[in-house]
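Coordinate inspection notes
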Amino acid sequence: MSGSSRAERLAALLQEQGLDQLLVGDLVRPGDSAPDAISNLRWLTGFSGTSGLAIVGAEDRVFLTDFRYVQRAQREVATEFDRATAERELLAGAVERLRGRVGYDDAHTSVKNLRKLEQLTPEGVELVAVGGLVERLRRRKDADELRTIAEAAGLADQVYGWVFDRGVVGRTEREIMLDAHQRIRELGADDPSFPAIVAAGENSALPHHGSSQREVGTGELLLIDMGAAVDGYCSDCTRTVAAGEIDDEARAVYELVRSAQAMALEAIRAGVDARDADSTARDPIARAGHGEHFGHGLGHGVGLEVHEAPRLSQRSDQTLEVGDVVTVEPGIYLPGRFGVRIEDLVTVTEDGCRNFSNFPKELRVVA
């Protein structure tokens, strides 16, 4: 992890914002919630625990944790940070080190903890509500992050091949999900990056179906959406296959989604509006009469969280940048019948994108 360069980049951003320091960590319910805040702390310091606070400024690099995580902090936290142990609670330990205009992330601070912070803050310190500063820097992945995400995506590719080679007909969605989770771990991942979605037949028309005890039947579509986490970084990929021979309509919908995804992949590059990228896949699906059956955005950012900036949708006002890692996942969902989604994970480059998801997308018939 490039801890020093990340802290320096954040300190430079604080100077632009007129801030002397920034508190980074979970001030909602420390140690138990706010995954974005925990990911911010991990990105900045390397700490993978759930109870920590960092103070960053032009000359400040302080990391605080409680006694439970002292040894972990010694192993994980970037050496440029002075490590301290909070005797009571992290906020009480942090305020002693605050000075000037101090930013805190209002999206990751509860009302209770804000009041406590205000009560504890010494005179002469001004608290400033700022949000998304670390996320702004997290969005552009560096070379180490891209290598780790590529590794996570490669593991998912391997698991797809393993699952389909074993066969799916007659197995329950949940059996397939649990086997995939176990295989992901066996191949060296930390964990699945999220609970895999395994959706057969009519369940494939539910974009976020929870894998059930339904058995996969012959002559229906099977949708699997899964990813792996490696060193905290996530992957995300979806493939839809035929469990035996399927009818012409299902094949036509599959090919429409595959074609729309191919057009979207061609459109992805730095400088493209996220909304326009979404339209590249949405417009042909709408022209084919399935506009109302594609209800979610084209994609989302992936990194330490499986859903982060940027968002590719009609509601997005963002522009794609070099180093973004995003999903490209158009879908068509026919309620009560079947659904098709094809999802790749890519990183944005100056003149296109690099695709991390290499499992084939031609319609595969699986026994």
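Here the structure is shown first, and the text comes after it.
Here we summarise the structure given alongside this text.

Rules of the game
Residues numbered from 1 in each chain as written. Predicted model: local features only at pLDDT ≥ 70, side-chain atom pairs only at ≥ 80, totals over all residues. Heavy atoms only, no water. Pairing = 2+ DSSP bridges. Helix = DSSP H or I, 4+ residues; strand = E, 2+ residues; numbered from the N terminus. Axes fitted to C-alpha atoms, helices over the stretch in contact; angles between N-to-C directions. 1 Å grid on protein atoms, 1.4 Å probe; cavity = no way out; pocket = protein on both sides within 12 Å on 5 of 7 lines; lining within 4 Å. Points joined across faces, edges and corners; volume = space filled by probe spheres on them. Nonpolar A, V, L, I, M, F, W, Y, C, P; charged D, E, K, R; others polar. Buried < 20%, exposed > 50% of the residue type's maximum accessible area, 1.4 Å probe, protein only. Contact = heavy atoms within 4.5 Å. Parallel < 35°, antiparallel > 145°, perpendicular 65-115°, else oblique. Left-handed = near helix turned anticlockwise from the far one by under 90°.

Overall, mixed pairing links the six strands, which are arranged β4-β3-β2-β1-β5-β6 in an open sheet. Edge positions in the sheet fall to β4 (82–85) and β6 (126–130), since each has one partner strand and no second. On average, adjacent strands in this sheet sit at an angle of 25 degrees to one another, irrespective of strand direction. Pairing of strand β3 (residues 61–65) with β4, which is carried by four bridges, proceeds in the parallel orientation. Bridging across to β4, Phe63 finds its partner in Arg83.

Bringing the layout of surface pockets into the picture now. The calculated volume of the largest pocket comes to roughly 440 Å³. Taken together, the elements giving at least two residues each to the lining of the largest pocket come down to β13 (299–301) and β14 (308–312). Classifying every residue of the lining of the largest pocket gives five nonpolar, nine polar and eight charged.

Once that is clear, we can look at empty space enclosed by the protein. Counting across every chain of the model gives one cavity of 30 Å³ or more. Its volume calculated, the largest cavity comes out at about 90 Å³. Taken together, 14 residues line the largest cavity, and the ones lying closest to its centre are Leu22, Leu23, Asn40, Asp105 and Val134. Elements with a contribution of two residues or more to the lining of the largest cavity: β1 (21–25), α2 (35–45) and α6 (133–138).

Right, let's talk about the environment of Leu14 for a bit. Within the secondary structure layout, Leu14 lies in helix α1 (residues 3–16). The class for Leu14 is buried, based on a relative accessible area of 1%. Put simply, Leu14 and Val56 are 42 residues apart on the chain and 8.8 Å apart in space, counted from C-alpha to C-alpha. Apart from residues lying up to four places away in sequence, Leu14 is in contact with Leu19, Gln21, Leu22, Val56, Gly57 and Leu133.

Between helix α9 (residues 248–267) and helix α10 (residues 274–290), the least distance of the axes is 7 Å, while the angle of their chain directions is 155 degrees. With respect to α10, the element α9 is oriented roughly antiparallel. When you trace α9 past α10, the crossing you get is right-handed. Contacts between α9 and α10 pair Val253, Leu256, Ala260, Met263, Ala264 and Ala267 from the former with Ala277, Thr280, Ala281, Pro284, Ile285, Ala288 and His290 from the latter. Partitioning the contact of α9 with α10 into residue classes produces 11 nonpolar, two polar and no charged.

This part covers the environment of Ala58. Its place among the elements puts Ala58 in the loop between β2 (52–57) and β3. With 39 residues separating them along the chain, Ala58 and Leu19 place their C-alpha atoms 9.5 Å apart. Leave out the neighbours within four places in its chain, and Ala58 touches Ala11 and Asp20.

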